[in-house]
Amino acid sequence: MCSSDLAIVEQYGHSSLARITLLEDKSYYFSPSGQSVIAFVSRGRGAIALGDPIGPPADLKEAILGFRDFCQANDWHPAFYQTLADHLELYQALGFRLLKIGEEAIIDLGEFTLQGKAGRSLRPAVNKCLRQGYRVQFYQPPLGEALLAELKAISDDWLRYRRQGAEKKFSLGWFDPDYLETSVIAVVEDGQGKALAFANLIPEYRSEEHTSELQSHSDLVC
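Predicted, not measured: the structure shown is a model, and the values here were computed from it.

A word on the sheet that holds strand E3 (residues 46–50)
Okay, so step 1: The mixed open sheet is built from 4 strands, whose spatial order is E1-E2-E3-E4. At either margin of the open sheet sits one strand with a lone partner, and together these are strand E1 (27–30) and strand E4 (77–81). Geometrically, the sheet is characterised by an average inter-axis angle of 35° between neighbouring strands, direction not taken into account.
Okay, so step 2: Along the sheet, helix H2 (residues 60–73) makes contact with E1, strand E2 (37–43), E3 and E4, crossing E4 at roughly 140°.

Thoughts on the nonpolar core
Okay, so step 1: Counting 21 residues, the largest nonpolar core has Leu 151, Leu 180, Ile 185 and Phe 198 as the members making the most contacts within it.
Okay, so step 2: Counting only elements with at least two residues in this core, the list comes to helix H5 (145–162), helix H6 (177–180), strand E6 (184–189) and strand E7 (195–203).
Okay, so step 3: The element best represented in this core is H5, accounting for 4 residues.
Okay, so step 4: If you look at the next biggest cluster of nonpolar residues, it comprises 15 residues, including Tyr 29, Ala 49, Leu 65 and Phe 80.

Examining the confidence of the model for the chain
Okay, so step 1: Scored by pLDDT, the chain has a mean of 88; 93% of the residues are at 70 or more.
Okay, so step 2: Mean pLDDT values over the elements of the chain span from 76, in strand E8 (residues 210–217), up to 98, in H2.

Overview of the side chain of Asp 190
Okay, so step 1: Take Asp 190: it is sitting in the loop between E6 and E7.
Okay, so step 2: A polar atom in the side chain of Asp 190 sits 2.9 Å from the backbone nitrogen of Gln 192.
Okay, so step 3: Within the structure, Asp 190 has its side chain in polar contact with the backbone nitrogen of Lys 194 (distance 2.9 Å).
Okay, so step 4: If we skip the residues at most four places from it in the chain, Asp 190 touches Gly 133, Tyr 134, Arg 135 and Leu 196.

What to know about unusual backbone geometry
Okay, so step 1: Geometrically, the link from Pro 141 to Pro 142 is a cis peptide bond, its omega value of 0° lying close to zero.
Okay, so step 2: If you trace the backbone, Pro 142 turns up in the loop between strand E5 (135–139) and H5.
Okay, so step 3: Although it is not a glycine, Asp 75 sits at a positive phi angle of roughly 60°.
Okay, so step 4: Looking at the secondary structure, you find Asp 75 in the loop between H2 and E4.
Okay, so step 5: Residue class for Asp 75 comes out partly exposed when judged on its relative accessible area of 46%.
Okay, so step 6: In this structure, Gln 82 takes a positive phi of about 60° despite not being glycine.
Okay, so step 7: Owing to a relative accessible area of 38%, Gln 82 belongs among the partly exposed residues under this scheme.

Conventions used here
Residues numbered from 1 in each chain as written. Predicted model: local features only at pLDDT ≥ 70, side-chain atom pairs only at ≥ 80, totals over all residues. Heavy atoms only, no water. Pairing = 2+ DSSP bridges. Helix = DSSP H or I, 4+ residues; strand = E, 2+ residues; numbered from the N terminus. Axes fitted to C-alpha atoms, helices over the stretch in contact; angles between N-to-C directions. Contact = heavy atoms within 4.5 Å. Core = buried A, V, L, I, M, F, W, Y, C linked by side-chain atoms within 4.5 Å. Buried < 20%, exposed > 50% of the residue type's maximum accessible area, 1.4 Å probe, protein only. pLDDT = per-residue confidence, 0-100. Polar contact = N/O pair within 3.5 Å; in protein donor to acceptor, adjacent residues only side chain to side chain.

The following block contains the structure:
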């Protein structure tokens, strides 16, 4: 990541992936105008861009075409992963094929409630956790070495439990103290204040939204 990447993302980023594009596993392509940036990873004959180009809307088409030409010059097949629905017609017009993998859930916290029929399936588990003394605490940076050590132990337990081996990266962050120090951390604690689970909250630039990204837990039973 360099200062130009950060400046463009802070000015034009508008999805949950914007912060992830700045992590160190990415390479960067800048549009011919220099106004847009595409974060990508090359593997074999493919170059996978994370999300849409980040930049002014007027530069979007040229950024996509420029990246396609850049990939052709390097004998790569270009692809864009986790694009927004806003520009699908443009991608198709430029010769890209579409593959739907999933959807992103967006929750309005101002409207969310556990009351009524919609929250019926969640209420028993939430009430049981509350009765047993579990609570959620939010920690602002700086987090401190003691808390980071607790979170690292939870993350290690989670990876062993999930049998994932290494963390996936690319469209997700990974446990790195410097990265976590840029985030608000939500921590589930028991009645004695022991950390049992956590998630980091990353901002979606230029919006009122936040995304929970890393989500790990130890042997938490409610």
